[in-house]
Amino acid sequence: EYIQMSGRAGRRGKDDRGIVIQMINEKMEPKVCKGILYGDPDPLNSSYHISYNMLLNMMRVEDVDPEFLIKASFHQYQQESEAPAFDNQALEFEQEAAKIQVEGGEATGQYYGLIKQLELVRKSIMDIVTQPKLCLKFMQPGRFVKLQEGGEVDDRKMW
């Protein structure tokens, strides 16, 4: 707050510098005072968020280019300035991942093969069990029936 207030000392366009008078209580520790005077300013983060409605309204106006507005925003500037750090971090992670040696890789491969085999067996069992000639005798009034669509376990839709 002090940096914000002292940065506004002087009259814009009239004074080339401003004077700040700081009245400090004697009870204030010198370390705290130095922290106020020489401390880092609070980070400035953009609160500019683009919504669908904002973009649609901009597209209705002929002279406004939504892409230019987005590219010229402070939020976009902040994102682009942070991009090299993210690229460096991704490169470090890739190098770290390349150094990792997995012991027992053969056993893991066998386990994966067994899991895939189990899925195939379960699918074939379901194909047999859900044949109409086998399941029609169980469909009687008063019983619950679970319907599903699709052959894959992850893709099926249930009602």
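A few words now on the overall build of the protein. Within the protein, the regular secondary structure consists of seven helices and two strands. The N-to-C order of helical and strand elements in the protein reads α-α-α-α-α-α-α-β-β. Taken across its 159 residues, the protein has 4% of its residues classed as buried. Taking contacts inside the protein between residues at least 6 apart in sequence as the whole, the part at least 24 apart equals 27%. Carbon together with sulfur atoms contributes 56% to the accessible area of the protein, which is approximately 15600 Å² in total.

A separate point is helix α5 (residues 74-99). For α5, built from 26 residues, the straight-helix expectation of 38 Å at 1.5 Å per residue is met to within 8% by its first-to-last C-alpha distance of 39 Å. Approximately 35 degrees is the largest bend angle found in α5, and it occurs at Ala 83, with the proline Pro 84 only one to four residues beyond.

Among the surface-exposed residues, Val 121, Ile 125, Ile 128, Val 129 and Leu 134 lie close enough to one another that they form a single nonpolar patch of about 420 Å² accessible area. The element contributing the most residues to the nonpolar patch is helix α6 (residues 105-129), with four residues. On the basis of relative accessibility, which here comes to 47%, the residue Val 129 falls in the partly exposed class.

All told, the structure shown has two salt bridges when counted by the stated rule. Taking the shortest distance from any N to any O, the salt bridge between Asp 127 and Lys 123 comes out at 3.4 Å. Here Asp 127 pairs with Lys 123, and both are found in helix α6, just four residues apart, close to one helical turn. Residue Asp 127 is classed as partly exposed on the basis of its relative accessible area, which comes to 41%.

Relative to the helices and strands, Gln 78 resides in helix α5. Among the residues examined, Gln 78 registers a relative accessible area of 12% and is labelled buried. The contact partners of Gln 78, leaving out residues within four places of it in the chain, are Leu 44, Asn 45 and Ser 46.

A few words on the confidence of the model for the protein. Looking at the protein, the pLDDT average stands at 80 and 89% of residues meet or exceed 70. When pLDDT is averaged over each element of the protein, α6 comes out on top at 91 and strand β2 (residues 157-158) at the bottom at 49.

The rules behind these values
- For every chain, the first residue of the written sequence is number 1, and numbering continues from 1 onward in sequence order.
- A pLDDT threshold of at least 70 governs which residues receive local features in this predicted model, and a stricter bar of 80 or more applies before side-chain atom pairs are shown or counted, although totals over entire chains, interfaces and linings include all residues.
- The basis for every side-chain value is the complete set of non-hydrogen atoms in the structure, without hydrogens or water.
- Helix numbering and strand numbering both begin at the N terminus, where a helix is a DSSP run of H or I of at least 4 residues and a strand a DSSP run of E of at least 2.
- Using a 1.4 Å probe on the protein chains alone, a residue whose accessible area is under 20% of its type maximum counts as buried, one over 50% counts as exposed, and one in between counts as partly exposed.
- Contacts: residue pairs with any heavy atoms within 4.5 Å of one another.
- What sets the accessible areas is the Shrake-Rupley method with a 1.4 Å probe; for residues, cover comes only from the shown protein chains.
- By this rule the span expected of a helix is its residue count minus one, scaled by 1.5 Å.
- Two axes are fitted around each residue, one to the seven residues ending there and one to the seven starting there, and the angle between them is reported as the bend at that residue.
- Patches in this entry comprise residues that are over 30% relatively accessible and not in a salt bridge; like charges within 9 Å are linked, as are nonpolar side chains (Val, Leu, Ile, Met, Phe, Trp, Tyr) within 5 Å.
- A pair is scored as a salt bridge if a Lys or Arg side-chain nitrogen falls within 4 Å of a carboxyl oxygen belonging to Asp or Glu.
- Values of pLDDT, the confidence the predictor places in each residue, fall between 0 and 100.

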